[in-house]
Amino acid sequence: VQLVESGGGLVQPGGSLRLSCAASGFTFSRYTMSWYRQAPGKERELVAGISSTGGSTNYADSVKGRFTISRDNAKNTVYLQMNSLKAEDTAVYYCRARYLTWDDYWGQGTQVTVSS
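Here's a quick rundown of the structure. Counting from 1, residues in each chain are numbered in the order their sequence is written. With pLDDT at 70 or above as the cut-off, local features in this predicted model cover only qualifying residues; side-chain atom pairs require 80 or more to be listed or tallied, and sums for whole chains, interfaces and linings still use all residues. With hydrogens and water excluded, all non-hydrogen atoms of the structure serve as input to the side-chain values.

### What to know about the sheet that holds strand β7 (residues 67–72)
Test applied: Strands are labelled as partners when DSSP assigns at least two bridges between them. Runs of E in the DSSP output that reach at least two residues are strands. Runs of H or I that reach at least four are helices, and both are numbered from the N terminus. Whenever a helix is involved, its axis is fitted only over the stretch in contact; in every case the axis is a line through C-alpha atoms, and angles between N-to-C directions fall within 0 to 180 degrees.
One open sheet holds the 4 strands; their spatial order is β1-β3-β8-β7, and the pairing between them is antiparallel. Edge positions in the sheet fall to β1 (2–6) and β7, since each has one partner strand and no second. For this sheet the average axis-to-axis angle between neighbouring strands, irrespective of direction, equals 15 degrees. Inspection of the sheet shows β1 paired to strand β3 (residues 17–24) by 5 bridges, in the antiparallel sense. Paired with V4 across the two strands is A22, which belongs to β3.

### Considering the state of the cysteines
Cut-off, in case you're wondering: A pair of cysteine sulfur atoms is labelled a disulfide when the two atoms are within 2.5 Å. Summary of the burial criterion: residues with accessible area below 20% of their type's maximum are buried, those above 50% are exposed, and those between are partly exposed, where the area comes from a 1.4 Å probe applied to protein chains only.
Applying the stated rule across the entire model yields 1 disulfide. Sulfur-sulfur distance for the disulfide between C21 and C95 comes to 2.2 Å. Disulfide C21-C95: torsion about the S-S bond near -80 degrees, hence left-handed. In this pair, C21 sits in strand β3 while C95 sits in strand β9 (residues 91–99), placing the two residues 74 residues apart along the sequence. Of the two residues examined, C21 and C95, each falls in the buried class.

### Here's the deal with the pairing of β7
In β7, alternate side chains face the same way, and those of F67, I69 and R71 are buried while those of T68, S70 and D72 on the opposite face are not. Two strands pair when backbone bridges link them, and β7 and strand β8 (residues 77–82) are joined in this way by 6 bridges, in the antiparallel orientation. Bridge pairing links I69 to L80 in β8. Turn length for the β7-β8 hairpin, with the two strands adjacent in sequence and antiparallel, is 4 residues, and the turn residue N76 shows positive phi of about 55 degrees.

### With respect to unusual backbone geometry
One non-glycine residue, N76, adopts positive backbone phi at about 55 degrees. Judged by relative accessible area, which is 27%, N76 ranks as partly exposed. With a phi close to 50 degrees, S84 is a non-glycine residue in the positive phi region. Inspection of the secondary structure assignment puts S84 in the loop between β8 and β9.

### A word on the nonpolar core
Note the threshold: The definition of a nonpolar core used throughout is a set of buried Ala, Val, Leu, Ile, Met, Phe, Trp, Tyr and Cys residues joined through side-chain atoms within 4.5 Å. Any pair of residues with heavy atoms lying within 4.5 Å of one another is described as a contacting pair.
M33, W35, V78, L80, M82 and Y93 are the most contacted members of the largest nonpolar core, which totals 29 residues. Of all the elements in the fold, those that place two or more residues in this core are β3, β4 (32–38), β5 (45–50), β7, β8, β9 and β11 (110–114). Filtering out sequence-adjacent residues up to four positions away, M33 remains in contact with L3, F28, A48, G49, I50, I69, R71, V78, C95, R96 and A97.

### Some points on the packing of aromatic side chains
Put simply, the test is: When the centres of two rings from Phe, Tyr and Trp lie within 6.5 Å, Trp using its six-membered ring, the rings pair. Their planes under 30 degrees apart give stacked, over 60 give edge-to-face, and anything left gives tilted. Here, a charge over a ring is recorded when the distance from Lys NZ or Arg CZ to the ring centre is within 6 Å and its angle to the ring normal is within 35 degrees.
In this structure the tally under the stated criterion is 7 aromatic pairs. Taking 5.3 Å as the distance between ring centres and 45 degrees as the angle between the ring planes, the aromatic pair formed by F26 and Y105 counts as tilted. Here Y105 lies in strand β10 (residues 103–106) and F26 lies in the loop between β3 and β4, a separation of 79 residues in the sequence. Of the aromatic side chains, those joined through ring pairs into one cluster are F26, F28, Y31, Y99, W102 and Y105. Geometry around W106 places R44 over its ring, the cationic atom sitting 4.7 Å from the centre. R71 extends its terminal NZ or CZ atom over the ring of F28, reaching a point 4.4 Å from the ring centre.

In structure tokens:
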């Protein structure tokens, strides 16, 4: 099982990034996918989640209206489009895959730094 995040980097405040998480080794279309983030000295927090079909999404209040989660089950990939980025969005972003209470997988994370 692998979850490989990509797309992180350094961006100026107000800028945009799109994160990708490529999955392999499991039946991606059955899994709920989520993005989490962890800033230095803080606990890991949920950013956004999407159901297995993509029909349902949820977001942290802090990113509503700025971030969009989506998935392509044909490509086994989940995305996080991040717009209007703020300094407080700086964190390591992690991809998570869950299937009921049985399976729970995490990626290695990708760094997002918002700074001028």
